[in-house]
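# A closer look at the structure
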Amino acid sequence: MSAVAATLPGIALPRPTLPERVRPRGAATSPLALAVLFGLLFAVAALGMIRETGPFAGWQPTSGALVGRVLLGADGKMTVGELIAAYPPLAVLPMIGLRAPAVLIGVTTGELFSALLGGALAGLWLASLLQAGYRRGTALVLAALLVGNPLFLGALAAGPETALALLGAWVFAMGAFTLRSRGSVNDLITCSGALALLFFAGPLGGAFACATLPFLLLLKPADIPARSAPSIYLVLLFPVIFGLAGFVFVNWMMLHDAFGFLHSDIDLATRRIGQSWRTPVIPVLFAVACAPALVALFVVARGRRPLQAVASALLGTLLLAVTLALQSGACRSPVEALCPAVSLAAAAAMRWPPQRSRPLRVALLLALSLTGGLSALLTQGRISPETGATAAASEFTGLRRSIAEQALGRFLAGRSDVLIDAAAHPAVVAARGGAEGLVTGNDTAFALALLRKRIATRAVAVAAADPSRTEDALSRNLPDLYASGAPGLHLIYDRDGWRVWSRDNKEDPRP
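Summary of the structure given here. This one's a predicted model, so the numbers in the text were calculated from it and none came from an experiment. (Residues numbered from 1 in each chain as written. Predicted model: local features only at pLDDT ≥ 70, side-chain atom pairs only at ≥ 80, totals over all residues. Heavy atoms only, no water.)

This part is about the overall build of the chain. Assigned secondary structure in the chain consists of 27 helices and 5 strands. Within the span of the chain, comprising 511 residues, buried residues form 49% of the whole. Within the chain, residue pairs in contact and separated by at least 24 positions form 68% of the contacts whose partners lie at least 6 positions apart. (Helix = DSSP H or I, 4+ residues; strand = E, 2+ residues; numbered from the N terminus. Buried < 20%, exposed > 50% of the residue type's maximum accessible area, 1.4 Å probe, protein only. Contact = heavy atoms within 4.5 Å.)

Dropping the structure here:
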């Protein structure tokens, strides 16, 4: 610098100050480091919370079908085509990759993936709050109110599908605010990518994505004329349409059934639609109580049309998503349907207009959201096979079937060389804890048993024929197996539409 000053006489160049000289090189990344540390700590805490028997131990609205398919894939009991065609694809493949570390630390792949997703969301929320201008102490308090919400903790306990739906809902809400105000290409990509993520996250995410459709026009930037509405829908929904068409094609190629991934969900939906129209009324009211930040943002942002439009669109999306999730059978629990309210409240806190009283107002609103989530959880109660609430809820065939498959899986936990159509009943594999020792459709012995009409394994588990659903391969090809068994086999298990025939006489130990 002295040499430059000598060549430019009369120009005084500023000398670097002491703080600039001694400023640590990593100080600029300290907010990022804080967010990463917060996310890691919460991931560890969330894993412990999921493992412990607590308020969410009996609340498991997500079926074991996802975990069962993951175990089948990890143990080599599914073909590559079946793995590619499995739904939801955003959860199946990552969980298979996490099988080894999950076994190493003594947890299930679903628990580990949910905890990692929870930690990622916690870190992202803290980083976004810091980027929004909140001080570190305030941002930590707000992030703690978000991750401490019972709806968020319950979503992690429910499983990866619900946690992915929360991630997709938050990304969509953040993109919606910027799309309405700026309308850049990046904002369009964010919103369209979030919708694709929601559709392929699971049933709850799909219901939320469908609920956004009537409100997408409210996200249109002001400089785009109203006659361009079809173009807005086409741009936002193109990744979803393209991805869904590709997924249908993959199912047709690999499974010879274009919509095979939807059969179980459609079967449950046809039993639920129109039978309980009053069911969503109370959850819809709770949705407002769980996301008061959206209502308050609509009131506070008067005169700011972009903020008001997005707040009303997100609130309407939440109310419609709760109704669709419950009426379509995407969620068995009203509390699970309310979980995306936490993500929308987080986005509202991060997009709150700068005010002197902003930290206090946002903290109070997030505290109210936490209280609303706790009230919803206490009102819902816990539905599990051991509680009395199951008797009232067992009118739904899907729940009875799930309980029966869990009981069978626990019975088969210590047995090997068992013939079963695991692809049709993945929840049995999830309850059993693994697919090792099962003879499934991907094994040669399974194909020989169907071809020769003879059981050569030590045991066989078969379900009763059910005209309301697609029968598994054993019931379809060996119609007398459930009722009469096979030569040399004895009945050792007979419960809730399932029978296990075995070559030994070890009976089912009933309580």
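Still more to cover.
Let's shift gears to the pattern of salt bridges. Within this structure, the stated rule accounts for 4 salt bridges. Here Arg182 makes a salt bridge to Asp187, at a shortest N to O gap of 2.9 Å. Using a relative accessible area of 57% as the deciding quantity, one classes Arg182 as exposed. Accessibility expressed as a relative area gives 3% for Asp187, which makes it buried. Two residues, Arg499 and Asp494, come together in a salt bridge whose shortest N-O distance is 3.3 Å. When its relative accessible area of 18% is taken as the criterion, Arg499 is described as buried. (Salt bridge = Lys/Arg side-chain N within 4 Å of Asp/Glu carboxyl O.)

What follows concerns unusual backbone geometry. Cis geometry is found at the peptide bond from Tyr87 to Pro88, where omega equals 0 degrees. In this structure, Pro88 sits in the loop between α5 (80-84) and α6 (89-97). In the Ramachandran plot, Lys453 falls in the positive-phi region, its phi being about 60 degrees despite a non-glycine side chain.

The strand order β2-β1-β3-β5-β4 describes an open sheet built from 5 strands, whose pairing is mixed. If you trace the sheet from one side to the other, it starts and ends with β2 (438-439) and β4 (490-495), each paired once. As paired strands, strand β1 (residues 418-419) and β2 are joined by 2 bridges and run parallel to one another. In the strand pairing of β2, Leu419 is matched with Val439. (Pairing = 2+ DSSP bridges.)

Another aspect to go through is the nonpolar core. Counting 115 residues, the largest nonpolar core has Trp125, Phe152 and Phe172 as its most contacted members. Among the elements that line this core, the one with the most residues is helix α11 (residues 160-181), at 13 residues. Counting residues in each nonpolar core, the second largest holds 23 residues, with Leu71, Leu412, Ala463 and Trp498 among its members. (Core = buried A, V, L, I, M, F, W, Y, C linked by side-chain atoms within 4.5 Å.)

Moving on, we get to the side chain of Thr457. With respect to the helices, strands and loops of the structure, Thr457 is situated in the loop between α25 (444-452) and β3 (459-463). Only 2.8 Å separates the side chain of Thr457 from the backbone oxygen of Ala459, close enough to count as a polar contact. Thr457 has contacts with Asp417, Leu419, Val439 and Arg503, leaving out every residue within four places of it along the chain. (Polar contact = N/O pair within 3.5 Å; in protein donor to acceptor, adjacent residues only side chain to side chain.)

This structure, assessed with the given rule, holds 7 aromatic pairs. Among the aromatic side chains, those forming a connected cluster through ring pairs are Phe42, Trp125 and Phe152. When the ring centre of Tyr482 is taken as reference, the NZ or CZ atom of Arg499 above it lies at 4.6 Å. (Phe/Tyr/Trp six-rings, centres within 6.5 Å; stacked < 30°, edge-to-face > 60°. Lys NZ or Arg CZ within 6 Å of the ring centre and 35° of its normal.)

All quantities given are derived from atomic positions and should not be read as evidence of function.
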